[in-house]
Amino acid sequence: MLKEILSISGKPGLFKLISYGKNLVIVESLLDKKRMPAHSRDKIISLGDVAIYTTDDDVPLGQVLESVYKKYGKALDASAYKTPEALDEFFKGVLPNYDVDRVYKTDIKKLITWYNILVNAGITEFVDKEKAEEEKAPEAKEEKPATPKKKVAKKVADSKPEEGK
């Protein structure tokens, strides 16, 4: 789902991928629903490719947004998260093991802004359910019954010396 949602540097908001063209993509703003081209010179990032640094493995943005939605369920009041302490407290409630040194306060503000844009646009599914189920419980590989190995019979010559006649 988030693979089709794009962030374009220098342009406010988020955009939905509509179509590909030669050296450009056609996008639609999630804020005002206007369509426009985004050229190959623009820095375009798919939200599906964004991950948050943690003390363990990096966590995909979709999972973080999903946990924000489960905890808050609606658009957040961005003015409540103006201080660094408030941002830190908010993010620890959503992703307790995030890497404090590598995740900046501006990143958390951007996440809140993106979350509000997505929720206001009616996008509330941030993780593909099929992929999430596959990752949680990988299907057991069907094992074929073991086939007995063919025994190769070797001809062994009689080692008895011929008896003289």
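Here the structure is a predicted model, which is why all the values come from computation and not from measurement.

## Some words on the side chain of Asp-99
Part 1 of the argument: For Asp-99, the position within the fold is in the loop between α2 (84-94) and α3 (105-120).
Part 2 of the argument: Overall, Asp-99 belongs to the buried group, its relative accessible area being 16%.
Part 3 of the argument: A polar contact of 3.2 Å, which involves the side chain of Asp-99, links it to the backbone nitrogen of Asp-101.
Part 4 of the argument: Residues in contact with Asp-99, not counting those within four places in the same chain, are Tyr-53, Thr-54 and Thr-55.

## Topic: helix α1 (residues 61-72)
Part 1 of the argument: End to end, α1 covers 16 Å across 12 residues, agreeing with the expected 16 Å (1.5 Å per residue, within 8%).
Part 2 of the argument: Looking one or two residues beyond α1, the residue adopting positive phi is Gly-73, at roughly 75°.

## Topic: the pattern of salt bridges
Part 1 of the argument: Enumeration over the complete set of coordinates arrives at five salt bridges.
Part 2 of the argument: Notably, a salt bridge pairs Asp-49 with Lys-3, separated by 2.4 Å at the nearest N-O pair. With Asp-49 in the loop between β5 (44-46) and β6 (51-52) and Lys-3 in the segment before β1 (5-8), this residue pair connects regions lying 46 residues apart in the sequence.
Part 3 of the argument: Residues Lys-92 and Asp-88 are paired through a salt bridge, measuring 3.6 Å at the closest nitrogen-oxygen approach. Note that Lys-92 and Asp-88 are positioned in helix α2 at a spacing of four residues, about one turn of the helix.
Part 4 of the argument: Residue class for Lys-92 comes out partly exposed when judged on its relative accessible area of 42%.
Part 5 of the argument: Each of Asp-88, Lys-92 and Lys-105 takes part in one network of salt bridges that share partners.

## Some points on the environment of Ala-38
Part 1 of the argument: Examined against the element boundaries, Ala-38 turns out to sit in strand β4 (residues 35-39).
Part 2 of the argument: Residues Ala-38 and Leu-24, spaced 14 residues apart in sequence, show a C-alpha to C-alpha distance of 5.4 Å.

Cut-offs and rules
Residues numbered from 1 in each chain as written. Predicted model: local features only at pLDDT ≥ 70, side-chain atom pairs only at ≥ 80, totals over all residues. Heavy atoms only, no water. Helix = DSSP H or I, 4+ residues; strand = E, 2+ residues; numbered from the N terminus. Buried < 20%, exposed > 50% of the residue type's maximum accessible area, 1.4 Å probe, protein only. Polar contact = N/O pair within 3.5 Å; in protein donor to acceptor, adjacent residues only side chain to side chain. Contact = heavy atoms within 4.5 Å. Expected span 1.5 Å × (residues − 1). Salt bridge = Lys/Arg side-chain N within 4 Å of Asp/Glu carboxyl O.

Worth remembering: the numbers are spatial, not functional.
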